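Structural features, examined
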Amino acid sequence: MSATEVEPRPEEEFELVVGLEIRVPLRTRSKLFCGCATRAADPPNVNACPICLALPGALPVLNLHAVELAVRTALGLDCVVHPVSVYERIRCDAPDEPKGYSLVQRSRPLASGGRLQIGRREPGTPLEVRIAAVRLGEEGATVRHLRRDHTALLDFNRAGHPSVQLVTEPDMRSGAEAVAFLHVLRQLLAYLNVSETAMDRGGIRVNAHVSARGFGETALRPKSRVLELRSAGAVARAISWTFSRHTSLHASGARVEHETLRWDDVRGVGTVVPARDEVRAFGPDPDLPPLVLDSDWLDRMHRDLPERPAERRHRFLTEYRLAEREVEVLTASPGRADYFEGVARRHGDAPTAARWVTGEVLTALRRERTPLGRFRVRPADLATLLNLLRDGVLSDESAREVFRIMARTGQRPEQILERPSASPPDAPRDG
Amino acid sequence: MRITADEVLSAAQSAAIHVDAPRAATLATELTRCLEALAPLLAFDAAGVEPAVAVGAVGMPLRADESEPIAMREPAVALAPHARDGFIAVPYDPSSADGEVGAGPQA
Amino acid sequence: MTEPEEARRIVEFRDGVLVGERAPQEAVAAALTRMSHVAAEPDDLNLFISVDADAAGGCARDLEVRLGDSEPGTLLGTPIVIGDNLATSTLRTTCGSQMLADYVSPYQATAVQRVRAAGAIVVAKANLDEFGMGVSTTRSAYGATRNPAAPGRVSGGANGGAAAAVAAGCVRVALASDTGGGVRHPAALCGVVGLKPTYGRISRFGLVALAPSLDHVGIVGATVEDVALTLGAVAGHDPLDPTSADVVVEMYVDALGHSLRGTVVGVLRHRDDEAVQPAVRHLCDAAAERFRRLGAEVREVRPPHLHLAQPAYQVIAACEAVSSLARFDGSRFGARVEATSWRTMAERSRSAGFGQEVVRRLLLGTHLLGVARREGLLRRAQQLRALMADDFRTAFASGVHVLFSPTAPGVACISGEAENPEVHAVQERYTAAANLIGVPALSIPVGRADGLPVGGQLIAPHFAERTLFAVASAHERLLFEELGG
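Keep in mind the model is a prediction, meaning the values are calculated, not measured.

Rules behind the numbers
Residues numbered from 1 in each chain as written. Chains lettered and ligands numbered in written order. Predicted model: local features only at pLDDT ≥ 70, side-chain atom pairs only at ≥ 80, totals over all residues. Helix = DSSP H or I, 4+ residues; strand = E, 2+ residues; numbered from the N terminus. Buried ≥ 20, exposed ≤ 12 C-beta atoms within 10 Å, placed from the backbone. Contact = placed C-beta atoms within 7 Å. Rg over C-alpha atoms; globule rule 2.2 N^0.38 Å. Nonpolar A, V, L, I, M, F, W, Y, C, P; charged D, E, K, R; others polar. Pairing = 2+ DSSP bridges. Domains from an automatic or database assignment. Axes fitted to C-alpha atoms, helices over the stretch in contact; angles between N-to-C directions. Core = buried A, V, L, I, M, F, W, Y, C linked by C-beta atoms within 7 Å. Left-handed = near helix turned anticlockwise from the far one by under 90°. Expected span 1.5 Å × (residues − 1). Arc of directions from axis to C-beta. pLDDT = per-residue confidence, 0-100. Parallel < 35°, antiparallel > 145°, perpendicular 65-115°, else oblique.

1. Some points on the overall build of chain A
- If you tally the helices and strands in chain A, you get 12 helices and 17 strands.
- With respect to the three principal axes, the spread of C-alpha positions in chain A is 90 × 70 × 50 Å.
- Expressed as a percentage of its 431 residues, the buried residues of chain A come to 46%.
- The contacts in chain A between residues at least 6 apart in sequence include a share of 69% that link residues at least 24 apart.

Spelled out as structure tokens, the structure:
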């Protein structure tokens, strides 16, 4: 293309419309419908029973704690939790679903009508993604395909593991917004303590719903459902590729149909999964009566909801009067926020505590290659150190030196200062 | 109400059962007779009647989150027609309709 | 010993065992002898799919050893037969199908576990129409079962094997499934007692599902007392069955022998009553007359929608069967036909494993759920279900304690006629309603027409099995006296 030809690329003429379907495994001891342990990493098929193997005559019985975690997730997303939800049998003809149907809260889900703020669109309006539905369901068996042999190896340890399906409205307008949504969601889930949230460790999985339309159009055009995206990067790449696919088709006047794509992140392409024209809905499951949640129980779930990231951030801003940037860093994970508060409450000077946690503590963690949960410096001990600093017992530099010893050895400041060899050169002596 | 041989073939595909053309024709006749016997169901007055899906549902009983699996007399792999290294082995061809593993039910 | 062991009442034999006069092994040996006798005749009755003489002997010996320490169960020393769609963990569970020809369940059904805990000894798995689909036990992959009370005729279905085993004197009780009449129908045709209890009364855990909202575990017995005793042993809440009722289990045997004074019996009149054979009508009228003689008041009841119960049941059963049988694909258990793709393996395994009637029902159900959904048959069937529940509620609220009707419209047909669609079509006409709405129903012998057994059906409100037993046992005693005691 020469400098004088400036043809607009198809992508520029179309608006990208993205919705996400996220599957979050829940942290329970047993499976959704049976008492098998949820240890997927055990030797294959040892955590399998007549129910999760779908042997003849087996019946499902729902796990209360899975319901609690799912409701907690829904409340965390400001959803309306429905007092009555219903499991339906939806045909699922694949080796990872032993029953031949899935149990899905399809038309009467556990919750709906929620939202998650993921940032701000210019000019300063909050960017919110609406949550269309929250459903409590189960995982399938793991299927390992042996390409040479036309064989697949099935492991039912994971079959029946509880998971929550979150479906958003198509409110995102870019791959970046989708990635931001996932980031904010993962942070929320960490605060709610409902799941192991690592996306890349077989945790959260995403299907993306992608379509394109002209700017200003309000109706939605047919979309592609892109399956099994296992990392934020894959989500971004798949969305971008699919958007191009749609815009090229629209630009050339070709018809765009609803379709399902399987994404290959290695090759960077999506392959169409042929649609089958078959009976899919078998109706409400006759074995499971409707799930009825009583209002007192729901009230208690509301009251017991853990503090969410936005609430924690707000509190840090107002209660501790910290800068926004610092608050972002301190509240990145609930563990870190708790650590900071453990120091700040005891020491009393929040900005100092914040400076030390965002500075020395994070540096030490990086240096020691330790997660915060295994860090040797307890909040109380750091507070003590900061008190010594405030009271002039230690200089800034000495305090840092002592801190480094604390990080390495796990000793308390008092212990370090008692030993003559450990005391820094300019520490004033008694008397 | 009736069912054609083509509809029989379509239902057979959906139900994952092989039915050949001659059998489909026979089945179409037999099933049409069944359907005709069901016709009276379309004749009664059902105005305002809420369909009853099941009997006496009083709400779902919930189970404590305890790891107490049902004891099996033999392990899962012993029941399988074909097992390999502790896994249950099945034929699989991703280039065919088998490619839908993990698709999950539609949102 | 001249009197056949099986003629003694369960409680008598149990008492004998407890005082050391009898041994469980005697009962088992007698049962096995009788079973081989009925199998060896020129007309093998073909009652059983699996018999395990060794396991039975082992259980009996085990019981003898345990007698000293545990609380003696109510069914102590009683041989029992289990319909082959209830999971047992040593004998195969084939469901009458090629699909499960070699399948031994790794767990046992709750109902089976409870009868064994009560001291009963499982001696065999009984033949049935494949997966419980049928009314003649001629659609099993393991051959047809013949009626011991009616040579050359069918035993009824779906659980003909269980009913015939009791009728032939092999055992006094059997457990079997009832989805549209599968226990009551063969009980009537074979001349024994058959109970479908209230939905949720007996756990379905381990019952291979056909139509979960219609399936029940039922009991066949030689007498009303046998059934009542067994119900007491098996009934009760089961945390493994989410539809299991958390309702107190009563002392059902206490209901036996009560007067019927003050009891109101409602004889069901059906819009299509002309399908009932005259001999059956006559014997049911005689039974109603007996209720009167016993002090009951007898009225007529005409539930307006009763004639629609069978078509509604057929629609719901066919639709639920589609998903219930979706798990049979040859991957994890059962017979597999190999292929190079998953889908082809599933299709070939199912085509080879399922018999004709099963295929027919699955196609009907698939069609009703799919293309024909527009016609709304399933929805109408579920609406009918609601209306049926109202009809019965109204009847019971009007002062009627128990309803009465023929169990089957006719006597057992000759084997050749079993495939006649017109005969087939009417068999569940009276039994299906109780499955639709879950009320308990009991079939009792009301006499013989030209030597062929006829059954009458009593229906009570939910969880009122005691009323069934009270009326049935009074009738049983009177009938026994009439026949010369």
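More follows now that the structure is in view.
2. Describing the overall build of chain C
- In terms of helices and strands, chain C carries 15 helices and 11 strands.
- Its C-alpha atoms give chain C a radius of gyration of 21 Å, within 12% of the compact-globule value 23 Å for 485 residues.
- Each of the three principal axes of chain C carries a C-alpha extent, and together these read 65 × 55 × 45 Å.
- Sorting the 485 residues of chain C into buried and exposed places 65% on the buried side.
- Contacts spanning at least 24 positions in sequence make up 77% of the contacts within chain C whose residues lie at least 6 apart.

3. Some points on the interface of chain B and chain C
- At the interface, 49 residues of chain B touch 58 residues of chain C.
- When residues of the side of chain B that touches chain C are traced back to their parent elements, those giving at least two are α1 (5–14), α2 (21–37) and β3 (87–91) of chain B.
- If you tally residues by element for the side of chain B that touches chain C, the top one is α2 of chain B, at six residues.
- Class assignment for the residues of the side of chain B that touches chain C results in 36 nonpolar, four polar and nine charged.

4. Quick notes on the pairing of strand β9 (residues 142–146) of chain A
Residue and element names in this part refer to chain A.
- Taken together, the five bridges between β9 and strand β10 (residues 151–155) define a ladder with antiparallel strand orientation. Pairing of Thr-142 across the sheet is with Asp-155, part of β10.
- Once β9 ends, the chain turns through four residues before running back antiparallel as β10, passing His-150 with a positive phi of about 55 degrees.

5. Considering the domain arrangement of chain C
All names here are of chain C.
- Considered domain by domain, chain C is made up of domain 1 (5–255) and domain 2 (311–375).
- Relative to domain 2, the C-alpha centre of domain 1 lies at a distance of 28 Å.
- Facing 20 residues of domain 1, the contacting portion of domain 2 comprises 18 residues.
- Tallied by class, the residues present in the side of domain 1 that touches domain 2 amount to 12 nonpolar, six polar and two charged.

6. Here we look at the interface of chain C and chain A
- Taken together, the contact pairs 33 residues of chain C with 23 residues of chain A.
- Those elements that place two or more of their residues in the side of chain C that touches chain A are α9 (309–324) and α11 (356–369) of chain C.
- It is α9 of chain C that provides the largest number of residues to the side of chain C that touches chain A, a total of four residues.
- Partitioning the side of chain C that touches chain A into residue classes produces 17 nonpolar, 10 polar and six charged.

7. Side note on the sheet that holds strand β1 (residues 14–25) of chain A
Residue and element names in this part refer to chain A.
- In space, the nine strands of this open sheet follow the order β3-β7-β8-β11-β1-β12-β13-β14-β15, with mixed pairing throughout. The open sheet has two edge strands with one neighbour each: β3 (80–81) and β15 (269–273).
- Two elements, strand β12 (residues 205–214) and strand β13 (residues 224–229), share four bridges in a ladder whose sense is antiparallel. Each residue of the ladder has a partner; that of Val-210, found in β13, is Ser-224.
- On the sheet, helix α3 (residues 175–192) packs against β1, β7 (111–121), β8 (125–138) and β12 and is oriented at approximately 115 degrees with respect to β7.
- The strands touched by helix α4 (residues 232–251) within the sheet are β1, β12, β13, β14 (259–264) and β15, with β12 carrying the most contacts at an inclination of about 30 degrees.

8. A short note on the environment of Ala-433 of chain C
Residues and elements named next belong to chain C.
- Tracing the sequence through the fold places Ala-433 in helix α14 (residues 432–437).
- We classify Ala-433 as buried; it has 34 C-beta atoms within 10 Å.
- Residues Ala-433 and Ala-389, 44 residues apart in the sequence, show an inter-C-alpha distance of 8.9 Å.
- The contacts of Ala-433, once residues within four sequence positions are left out, are Leu-306, Ala-309 and Met-388.

9. A few points about the nonpolar core
- If you look at the biggest cluster of nonpolar residues, it comprises 289 residues, and the most contacted ones within it are Ile-80, Ala-174 and Val-220 of chain C.
- Discounting chain neighbours no more than four positions away, the residues touching Ile-80 of chain C are Val-115, Ala-120, Ile-121, Val-122, Val-123, Val-171, Val-173, Ala-174 and Leu-175 of chain C.
- Grouped together as the second largest cluster of nonpolar side chains are 28 residues, Val-327, Ala-350, Ala-353 and Val-361 of chain A included.

10. Overview of the sheet that holds strand β5 (residues 193–196) of chain C
Residues and elements named next belong to chain C.
- Ordered by their spatial adjacency, 11 strands build an open sheet running β1-β3-β2-β4-β6-β5-β10-β11-β9-β7-β8, and the pairing between neighbours is mixed. Bordering the open sheet on either side are β1 (48–51) and β8 (297–301), each of which pairs with just one other strand. Averaged over all adjacent pairs, the angle separating strand axes in this sheet is 30 degrees, with direction ignored.
- One ladder, built from five bridges, connects strand β7 (residues 264–268) with β8; its direction is parallel.

11. Quick look at the domain arrangement of chain A
Residue and element names in this part refer to chain A.
- You can read the domains of chain A as domain 1 (12–288) and domain 2 (307–422).
- For domain 1 versus domain 2, the separation of C-alpha centres amounts to 39 Å.
- At four residues, α3 tops the list of elements feeding residues into the side of domain 1 that touches domain 2.
- Broken down by class, the residue content of the side of domain 1 that touches domain 2 amounts to three nonpolar, three polar and no charged.

12. What to know about helix α4 (residues 110–117) of chain C
All names here are of chain C.
- With six of its eight residues buried, α4 lies for the most part within the structure.
- Turning to α4, its buried residues are Thr-110, Ala-111, Val-112, Arg-114, Val-115 and Arg-116.
- Residues of α4 that are buried in the fold lie against β2 (79–83), β3 (121–126), β4 (173–178), β6 (216–221) and α7 (224–234).
- Backbone geometry just downstream of α4 places Gly-119 in the positive-phi region, at approximately 105 degrees.

13. Let's talk about the packing of helix α8 (residues 334–347) of chain A against helix α9 (residues 350–368) of chain A
Residue and element names in this part refer to chain A.
- Contact geometry for α8 and α9: axes closest at 9 Å, N-to-C directions at 145 degrees. Regarding α8 and α9, the two cross each other, and that crossing is right-handed. Here Tyr-339, Phe-340, Val-343, Ala-344 and His-347 of α8 lie close against α9, whose contacting residues are Ala-350, Thr-352, Ala-353, Ala-354 and Val-357.
- The residue inventory of the contact of α8 with α9, partitioned by class, reads eight nonpolar, two polar and no charged.

14. Quick notes on helix α2 (residues 24–40) of chain C
Residue and element names in this part refer to chain C.
- Relative to the 24 Å expected for 17 residues at 1.5 Å per residue, α2 spans 24 Å between its end C-alpha atoms, a close match to the ideal helical length.
- Restricting attention to buried positions, one finds in α2 the residues Pro-24, Ala-27, Val-28, Ala-30, Ala-31, Met-35 and Val-38. Here the buried residues of α2 occupy an arc of 160 degrees about the axis, which is enough to place them on one side. Relative to its buried face, α2 has exposed residues pointing more than 90 degrees away, namely Thr-33, Ser-36 and Ala-40.

15. So, the environment of Ile-444 of chain C
All names here are of chain C.
- With respect to the helices and strands, Ile-444 occurs in strand β10 (residues 441–449).
- A residue is classified by how many C-beta atoms lie within 10 Å of it, and Ile-444, with 28 of them, is buried.
- For Ile-444 and Glu-320, which are 124 residues apart along the polypeptide, the C-alpha to C-alpha distance reads 29 Å.
- Look past the residues within four positions of Ile-444 in its chain and what remains in contact with it is Val-193, Gly-455, Gly-456, Leu-458, Ala-472, His-475 and Glu-476.

16. A closer look at the confidence of the model for chain C
Residue and element names in this part refer to chain C.
- The predicted model of chain C averages 93 in pLDDT, with 97% of residues at 70 or higher.
- Scored below 50 in pLDDT, residues 1–6 makes 11 contacts in the model with residues more than four places away or belonging to other chains.
- In the predicted assembly, ipTM is 0.95 and pTM is 0.93.

17. Observations concerning the packing of helix α10 (residues 379–390) of chain A against helix α11 (residues 396–409) of chain A
All names here are of chain A.
- Where α10 meets α11, the axes come as close as 10 Å, and the angle between the chain directions of the two elements is 160 degrees. In this view, α10 runs roughly antiparallel relative to α11, as classed from their interaxial angle. Crossing geometry of α10 relative to α11 is assigned as right-handed. For the pair α10 and α11, the contacting residues are Asp-381, Leu-385, Leu-388 and Leu-389 in the first and Asp-396, Ala-399, Val-402, Phe-403 and Met-406 in the second.

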